[in-house]
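Summary of the model geometry
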Amino acid sequence: MNGFENSRPCFGRSARPLGAMPLGARPLGALKTAMAAAVLLLAAPMARAADGDAPPETPDIIGAMQTTTAHYETTFADLAYLHNLGYVELVAANPKLDPWMPGAGKRITLPKRHILPNVEKQGIVINLAEPRLYYFPADQPGTVKTFPIGIGREGLDTPTGETKVTRKRRNPAWRPTREARAADPSLPAVVRAGPENPLGAYALDLGWPLYLIHGTNNVWGIGRRVSRGCIRMYPNDIQTLYNTVPSNTPVQVVEQPLKFAWDGDTFYMEAHTTTKQAGQLEKTGSFEPDADLDLKQRVMTALGERVAQLDWATIRQAVRQRRGVPIAIGHAVES
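Attention in this report is confined to the structure presented alongside it.

Criteria and thresholds
- Residues numbered from 1 in each chain as written.
- Predicted model: local features only at pLDDT ≥ 70, side-chain atom pairs only at ≥ 80, totals over all residues.
- Heavy atoms only, no water.
- Helix = DSSP H or I, 4+ residues; strand = E, 2+ residues; numbered from the N terminus.
- Buried < 20%, exposed > 50% of the residue type's maximum accessible area, 1.4 Å probe, protein only.
- Contact = heavy atoms within 4.5 Å.
- Areas by Shrake-Rupley, 256 points an atom, 1.4 Å probe, with all protein chains shown as cover.
- Phe/Tyr/Trp six-rings, centres within 6.5 Å; stacked < 30°, edge-to-face > 60°.
- Lys NZ or Arg CZ within 6 Å of the ring centre and 35° of its normal.
- Core = buried A, V, L, I, M, F, W, Y, C linked by side-chain atoms within 4.5 Å.
- Pairing = 2+ DSSP bridges.
- Axes fitted to C-alpha atoms, helices over the stretch in contact; angles between N-to-C directions.
- 1 Å grid on protein atoms, 1.4 Å probe; cavity = no way out; pocket = protein on both sides within 12 Å on 5 of 7 lines; lining within 4 Å.
- Points joined across faces, edges and corners; volume = space filled by probe spheres on them.
- Nonpolar A, V, L, I, M, F, W, Y, C, P; charged D, E, K, R; others polar.
- Salt bridge = Lys/Arg side-chain N within 4 Å of Asp/Glu carboxyl O.

Let us now look at the overall build of the chain. Scanning the chain from N- to C-terminus turns up 8 helices and 19 strands. Looking at the chain as a whole, 53% of its 335 residues qualify as buried. Sequence-distant contacts in the chain: of pairs separated by 6 or more residues, those separated by 24 or more amount to 70%. Roughly 16200 Å² of accessible area belongs to the chain as shown, and the carbon and sulfur atoms make up 50% of that amount.

If you want it as structure tokens, here you go:
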């Protein structure tokens, strides 16, 4: 066994949202079928460059907003899994609805449009503020795939920085650390592949020896901060990543609650909760404002040399609400 399997486990005992029904009590057969058939959120397909042409550029904004209608027994936990979203991002996008009893006939926003993080568009990019993973396939220029993820909880935060995929493992064994077993004596010394393994069926080892990207046996933890630092993915998503990401793929982990991008002559901002605010939102349905935000400087830095007529009322409202969806905040003007 390698040393990584003996490292700090990436497993949180309270992965299911408070009040969520156990997996066995839900009609997951239908959910899995629908999720398997769902199209991954991709950048709009682009024609491959002809010989001698420059490769297509990756757009700064991908996907499209969608809505769905709640049924009598609909919960946000079910909808997140069904629509390949994270639980907290669905709560943030629908602040006026009860995530456990939204109400039959209620329209629910599915936040499937995203501004890409402000980093180099290559390999795997993880934005902890969303929390979401973006993958830029080297053999498909101009294309990006995105997946919701679960990340480290308070005190066991997922680190930021640059690393790479060092190894790919199928059916990985999980070995809780001595500290984890001391905190929870019921944990076994080793958990082999199977339904009880919190790593799921696939894992990508990272250059950071205590962390990896892996599946999960508890889908309700995706989109939440519940792991011991590792990055969790839905079973179908980690299988897709495992089958397409080569070893040595670069990985960038950032925390960007505010993202900006141009789409033609329209300037957009996407505001997410900070790590602290996300915890508050999940527990209480609201969060405290960020008192340390230098909003004007952030917006002007994002604008760069371009000139725009900005709607500061909309900007301030978007930051107060932090719904995690792209909002038009300005339009280009001639300089």
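Still to come is the rest of the account.
Attention shifts here to the packing of aromatic side chains. All chains considered together, the criterion is met by 7 aromatic pairs. When the ring of Trp262 is compared with that of Phe267, the centres are 4.9 Å apart and the planes differ by 35°; the resulting orientation is tilted. Summarising the burial analysis for this pair, Trp262 and Phe267 share the class buried. Among the aromatic residues, ring-to-ring pairing joins Tyr81, Trp220 and Tyr234 into one connected group. For the cation-ring pair, Arg113 lies above Tyr268, with the distance from its terminal atom to the ring centre recorded as 4.9 Å. The aromatic ring of Tyr242 is capped on one face by Lys168, whose charged end is 5.0 Å from the ring centroid.

This part is about the environment of Gln66. Mapped onto the fold, Gln66 is located in strand S3 (residues 66–69). Residue classification places Gln66 among the partly exposed residues on the basis of a relative accessible area of 36%. As for Gln66 and Arg113, which are separated by 47 residues in sequence, their C-alpha atoms are 8.5 Å apart. With sequence-adjacent residues up to four places away left out, Gln66 is seen in contact with Ile108, Thr109, Leu110 and Lys112.

Turning to the nonpolar core, a few remarks are in order. Membership of the largest hydrophobic core comes to 26 residues, with the highest contact counts inside it found for Ile124, Ile126, Leu133, Leu206, Ile213, Met233 and Leu241. Among the secondary structure elements, those contributing two or more residues to this core are strand S6 (123–127), strand S7 (132–136), strand S11 (202–206), strand S12 (212–214), helix H5 (235–244) and strand S15 (250–254). When near neighbours in sequence (up to four residues on either side) are disregarded, Leu241 contacts Ile124, Leu133, Tyr135, Phe147, Leu204, Ile213 and Met233. Ala70, Leu90, Val91 and Val219 belong to the second-largest nonpolar core, a separate cluster that totals 21 residues.

Now for the sheet that holds strand S19 (residues 326–332). The strand order across the open sheet built from 4 strands is S16-S17-S19-S18, with neighbouring strands paired in antiparallel fashion. Of all strands in the sheet, those bounded by a partner on one side alone are strand S16 (258–263) and strand S18 (308–310). Strand-to-strand twist in this sheet, taken as the mean axis angle between neighbours without regard to direction, amounts to 35°. Strand contacts of helix H7 (residues 295–303): S16, strand S17 (266–271) and S18, with the helix running at about 35° to S16, the strand carrying the most contacts. Lying over the sheet, helix H8 (residues 312–321) contacts S16, S17, S18 and S19, oriented at roughly 20° with respect to S17.

The next point concerns empty space enclosed by the protein. Counted by the stated rule, this structure contains 2 cavities of 30 Å³ or more. Taken as a whole, the second largest cavity encloses approximately 60 Å³ of empty space. Surrounding the second largest cavity, 13 residues form its lining, Val88, Glu89, Glu130, His272 and Thr273 being those nearest its centre. For the lining of the second largest cavity, the leading source of residues is helix H3 (residues 87–93), giving 3 residues. For the lining of the second largest cavity, the class distribution of residues is 5 nonpolar, 3 polar and 5 charged.

All right, on to the pairing of strand S10 (residues 161–170) then. Remember that side chains alternate between the two faces of the sheet whenever the strand is regular. Sheet topology note: the S10/S15 ladder contains 4 bridges and is antiparallel. Paired with Thr163 across the two strands is Val251, which belongs to S15. Pairing geometry for S10 and S11, over 5 bridges, is antiparallel. Looking across to S11, one finds that Arg167 is bridged to Asp205.

Take the pattern of salt bridges next. Going through the model one piece at a time under the given rule, you end up with 9 salt bridges. Here Arg132 ties to Glu89 by a salt bridge, and the two come within 2.7 Å at their closest N and O atoms. Note that Arg132 is positioned in strand S7 and Glu89 in helix H3, a separation of 43 residues in sequence. Classification of Arg132 as buried rests on a relative accessible area of 2%.

A separate point is the environment of Ala193. Locating Ala193 in the fold gives a position in the loop between helix H4 (178–183) and S11. Spatially, the C-alpha atoms of Ala193 and Trp174 are 8.1 Å apart, while their sequence positions differ by 19 residues. Excluding residues within four positions of it along the chain, Ala193 makes contact with Asn171 and Pro172.

A few words now on the pairing of S15. By the criterion of burial, S15 is predominantly enclosed, with 4 of the 5 residues buried. For S6 and S15, the ladder comprises 4 bridges, and the chain directions are parallel. When the bridges of S15 are listed, Ile126 appears paired with Val253.

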